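Here is how the chains run, residue by residue.
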Amino acid sequence: MKTIDKTSVLLVIDESDLRNSISESLKAVDYKVYNTKKSTEGLELFKKFDIDICIIDVELTGIDGFALSAQIRILNPDIPIIFLIPKGLQYDMLRDIEYSVDDYITKPFSNDELLLRMKSVLRRAERNNPFTYSLGESKIKIGRFIFDAKNMLLILDGQEQPLTRKEAALLKVLYDNKNDLVTRKKVLKMIWGNSDYFIGRSMDVFIARLRKYLKADPNVRILTVHGVGFRLVVTEPALV
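Worth saying up front: this structure is predicted, and the values here are computed from it rather than measured. (Residues numbered from 1 in each chain as written. Predicted model: local features only at pLDDT ≥ 70, side-chain atom pairs only at ≥ 80, totals over all residues. Heavy atoms only, no water.)

Engineer: I'd like to hear about the environment of Phe66, residue by residue, with values.
Structural biologist: With respect to the secondary-structure elements, Phe66 resides in helix H3 (residues 65-75). Taking the C-alpha atoms as reference points, Phe66 and Phe83, separated by 17 residues in sequence, lie 8.8 Å from one another. (Helix = DSSP H or I, 4+ residues; strand = E, 2+ residues; numbered from the N terminus.)

Here you go:
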């Protein structure tokens, strides 16, 4: 079963030894780690999973760490990002880094130092954008699905689909307003804390994921009212 409070980390580091060392250190203290050496794969991982913090090396092959972080910020402007930077970086570039990410650490460094930086950045992010929407503890029937809100699971015929915190909260908001229109602004305020345009784009990614999970039951659909919001439509199957 999924560990609810496990923090998800995206590592995008070109050096395999460094990437593996950091990954093992994070897993040892119960972080969930997604890692890759390629910026393109890093962006896809960020889109696919509910990432809590990104560790990005500025020295990546192809699209560099600066460009990758900019693309990630479009999807989620509030995601904490820590840069790994080489020694002797020019002052102007260093100043730009200070404005564009939450923290940076100069190579070489100890994994313990990185862990301390991560904890500090995550605490700061939690204060600035707390996740306050209550999921409750009930099990809810949605068509053929059972939505176990407490454990963030969507269950169909005994098969469990783990949900991220935001996926579960989004499904709960839609269910609480079942068959009624919920505005984009309301959803964003309740789950993300603000209705910024770029965060709205991130929400659309989560809506797409929920649609994918729910497609096994044609009687459960998430409809989009363009420019306005969403409706979770649950219809009873026709009697034969």
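Engineer: Describe the pairing of strand S5 (residues 103-106), with residues and values.
Structural biologist: One face of the sheet, then the other: side chains in a regular strand alternate in exactly this way. Here S5 shows one buried face, formed by Asp103 and Ile105, and one open face, formed by Tyr104 and Thr106. Here strand S4 (residues 81-85) runs beside S5; their pairing, made up of four bridges, is parallel. When the sheet's bridge partners are listed, Ile82 is paired in S5 with Asp103. (Buried < 20%, exposed > 50% of the residue type's maximum accessible area, 1.4 Å probe, protein only. Pairing = 2+ DSSP bridges.)

Engineer: Describe the packing of helix H2 (residues 39-48) against H3, listing the residues and the values that go with them.
Structural biologist: Between H2 and H3, the shortest axis-to-axis distance is 10 Å and the interhelical angle comes to 15 degrees. Regarding the angle of H2 to H3, the classification is roughly parallel. The interaxial crossing formed by H2 with H3 has right-handed handedness. Residues Ser39, Leu43, Phe46 and Lys47 of H2 lie in contact with H3, whose contacting residues are Leu68, Gln71, Ile72 and Leu75. A class-by-class count of the residues in the contact of H2 with H3 yields five nonpolar, two polar and one charged. (Axes fitted to C-alpha atoms, helices over the stretch in contact; angles between N-to-C directions. Parallel < 35°, antiparallel > 145°, perpendicular 65-115°, else oblique. Left-handed = near helix turned anticlockwise from the far one by under 90°. Contact = heavy atoms within 4.5 Å. Nonpolar A, V, L, I, M, F, W, Y, C, P; charged D, E, K, R; others polar.)

Engineer: Describe unusual backbone geometry, listing the residues and the values that go with them.
Structural biologist: Cis geometry is adopted by the peptide bond preceding Pro108, which originates at Lys107 and carries an omega value of -5 degrees. By secondary structure assignment, the location of Pro108 is in the loop between S5 and helix H5 (111-128). Unlike most non-glycine residues, Asp30 shows phi in positive territory, near 75 degrees. Within the fold, Asp30 resides in the loop between helix H1 (16-28) and strand S2 (32-36). For Met152, which is not a glycine, the phi torsion comes out positive at approximately 55 degrees.

Engineer: How would you sum up the pattern of salt bridges? Please name residues and give values.
Structural biologist: As enumerated under the stated definition, the model contains ten salt bridges in all. With a shortest N-O distance of 3.2 Å, Lys107 and Glu59 are connected by a salt bridge. Remark: Glu59 occurs in the loop between strand S3 (53-57) and H3 and Lys107 occurs in the loop between S5 and H5; sequence separation between them is 48 residues. Here Lys107 falls in the buried class, since its relative accessible area comes to 13%. On the basis of relative accessible area, Glu59 is assigned to the partly exposed category, the value being 42%. When the shortest N-O distance is used, the salt bridge between Asp204 and Arg184 registers 2.9 Å. (Salt bridge = Lys/Arg side-chain N within 4 Å of Asp/Glu carboxyl O.)

Shape descriptors only; they carry no functional weight alone.
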